[in-house]
Structures are given as structure tokens and as C-alpha cells.
Amino acid sequence: MRSQSQWIKDSIANTRLASEVCAGMEIRSLDQNKVSSNDTHHFNAHIYVDGTKVMRVENDGRGDNNYYTPPREEGRKLYRKAIDIAESYCRTERWHEYEEIRSKEDSDFSFYKEMDLEFAYLDLAVGSLINEQLTMKEMGKALRKHIHIIDKDANSGKGLLYATDKRATKPHLENSKKAIEKIGKHFDYILLNTLNPTTQLKLWLTVS
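Residues numbered from 1 in each chain as written. Predicted model: local features only at pLDDT ≥ 70, side-chain atom pairs only at ≥ 80, totals over all residues. Heavy atoms only, no water.

K.L.:
How do you make sense of the packing of aromatic side chains when you look at a structure like this?
P.N.:
Any two aromatic rings considered together are summarised by their centre-to-centre distance and by the angle between their planes. All chains considered together, the criterion is met by five aromatic pairs. Pairing Tyr68 with Phe119 gives two aromatic rings, centres 5.1 Å apart and planes at 15°, and the pair type is stacked. In this pair, Tyr68 sits in strand E4 (residues 67–68) while Phe119 sits in helix H5 (residues 111–145), placing the two residues 51 residues apart along the sequence. A residue is classified by how much of its surface remains accessible, and Tyr68, at 8% relative accessible area, is buried. Look at Phe187 and Tyr189: their rings are 5.7 Å apart centre to centre, the planes differ by 20°, and that puts the pair in the stacked class. Judged by relative accessible area, Tyr189 falls into the buried class, the value being 18%. Clustering of aromatic rings is evident, with ring pairs tying together Tyr68, Tyr79 and Phe119. Here Arg28 stacks its cationic end above the ring of Tyr48, 4.1 Å away from the centre of that ring. (Phe/Tyr/Trp six-rings, centres within 6.5 Å; stacked < 30°, edge-to-face > 60°. Helix = DSSP H or I, 4+ residues; strand = E, 2+ residues; numbered from the N terminus. Buried < 20%, exposed > 50% of the residue type's maximum accessible area, 1.4 Å probe, protein only. Lys NZ or Arg CZ within 6 Å of the ring centre and 35° of its normal.)

Right under this line is the structure:
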């Protein structure tokens, strides 16, 4: 029988977060209007590169591309780095979209077309980073509300994640931990609430 740590490692081996792949670029001050988010997220946020604010990004939630406020002079080098990070992310994680974007390049490649490609990469990377933040937020709410268990043996060993009816209070978490240890010879459960946030999110995205 695999240990809990090995099972977790194997289960999330192929789950890569956008924040990991886009190291150096991050979204801060994210403000989403869930009610008016339709075909896209209705949001505004700031893009940071290496800890420095580079530009503002927003979307009206009606399916259009993101709108980016151009960087100031001192932020242009970091803007270039943001594009490089976004392109690398698309090339490794969003290959089909990357190929579609590259296919738009032709022999009459102009400055304006190049800018379009850059923002297409940025849209995909920013969208993935925002989705990750929003998923983390929703997961956090769920884990603060109820205790969540992963049954490692379910789904032919792929695991099954479910919420219990127990509130995620400290006493309940302690009692659940003891109960899982006690029945460990018969059932193989993981208490999701007690893991670190990154591992929680990867399991949340991976285990159905």
C-alpha cells in the first residue's frame, strides 16, 4: 500500500498550476463582479512582474479580450518579460491555443499584428492565473465551512473527494484526524483540510 504522501505525489504529478509555470508574473488586487460575468470574467486587477506593478488589466465580462493599460516607461522591460512568460506558458501548457495564435502570423507581419499576438498570449496566461485565484478562493470557502475527505481507494485508486456534514472547526478536525487514524487498517482516507494550500488546490483540481 502506498503511503499517503506517495499517493498524493503520484495523484498530482501531472497537475501544474499557472502560478508555478508563470513564475515571476502574478495577479494582484483582483476584483471580480461575479453577477455581471457572462462569457468572460468581469474583473479588474494589476499584473506584477518580479514584485513590481507593470500594468492594469480589466474585462467587462461580455466575451471580449482583456483591456490592458500600457506600462509606464520604467515598466517596459518588465512588460517584455511578462509577454515572454505568457508565451512560454502557452507553449508548454496551452499548446493548441498557442498553435492557433502562431498560425495568424504571415509574411506581412507588422508591428500591430505582433502586438495582437502578444496580447493573445497574455490573455491566456492572465485568464489561467485569475481562474486559479478564483478556484482557490472558492475552495477556501468550502474547506472553512465543512471537513473534506478523500477516499484514496475509490475510483479504482484514483480517489474520490467529498464534503462531510461536519463543520471545519478545530475540535471536529482533531476528532476526524483521530477517527481516520483509528480506521486506517480498513479505510484509506485523507483529511484535505489539514494539507498545505498548494497541495489542497492540486488535489481539488485533480480528484473528482
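K.L.:
Quick question: what am I supposed to make of the sheet that holds strand E3 (residues 52–60) here?
P.N.:
Hydrogen bonds between backbone atoms are what pair the strands of a sheet, whose relative direction is either parallel or antiparallel. The sheet built from four strands is open, its strands ordered E1-E2-E3-E4 with antiparallel pairing. Of all the strands in the sheet, just strand E1 (25–32) and E4 have a single pairing partner and so form its edges. Each of E1, strand E2 (42–49) and E3 is contacted by helix H3 (residues 76–93), which is oriented at about 60° to E3, the strand it contacts most. (Pairing = 2+ DSSP bridges. Contact = heavy atoms within 4.5 Å. Axes fitted to C-alpha atoms, helices over the stretch in contact; angles between N-to-C directions.)

K.L.:
I would appreciate a short explanation of the side chain of Lys152 in the present structure.
P.N.:
Residue placement: Lys152 occurs in the loop between strand E5 (146–151) and strand E6 (160–167). Classification of Lys152 as buried rests on a relative accessible area of 4%. In this view, Lys152 contacts Arg2, Ser3, Gln4, Trp7, Gly157, Lys158, Gly159, Asp188 and Ile190; residues no more than four positions away in its chain are not counted.

K.L.:
How should I be thinking about the pattern of salt bridges in this particular structure?
P.N.:
When their charged atoms lie close together, side chains carrying opposite charge are able to pair. Applying the stated rule across the entire model yields twelve salt bridges. Notably, a salt bridge pairs Lys202 with Glu20, separated by 3.0 Å at the nearest N-O pair. Of the two residues, Lys202 sits in helix H7 (residues 197–206) while Glu20 sits in helix H2 (residues 18–21), which places them 182 residues apart along the sequence. Look at Lys202 and you get buried, because its relative accessible area is 12%. Of the residues examined, Glu20 reaches a relative accessible area of 38% and is grouped as partly exposed. For Glu26, the salt bridge is made with Arg28, and the minimal N-O distance between the two is 2.8 Å. Here Glu26 falls in the partly exposed class, since its relative accessible area comes to 33%. Look at Arg28 and you get partly exposed, because its relative accessible area is 32%. (Salt bridge = Lys/Arg side-chain N within 4 Å of Asp/Glu carboxyl O.)

K.L.:
Please clarify how the pairing of E2 should be interpreted in this entry.
P.N.:
It is a general feature of regular strands that their side chains alternate between the two faces of the sheet. Burial runs high along E2: six of the eight residues are buried. Sheet topology note: the E1/E2 ladder contains six bridges and is antiparallel. The residue of E2 that forms the bridge with Glu26 is Tyr48. One ladder, built from eight bridges, connects E2 with E3; its direction is antiparallel. Considered in E3, the bridge of His42 is made with Asp60.

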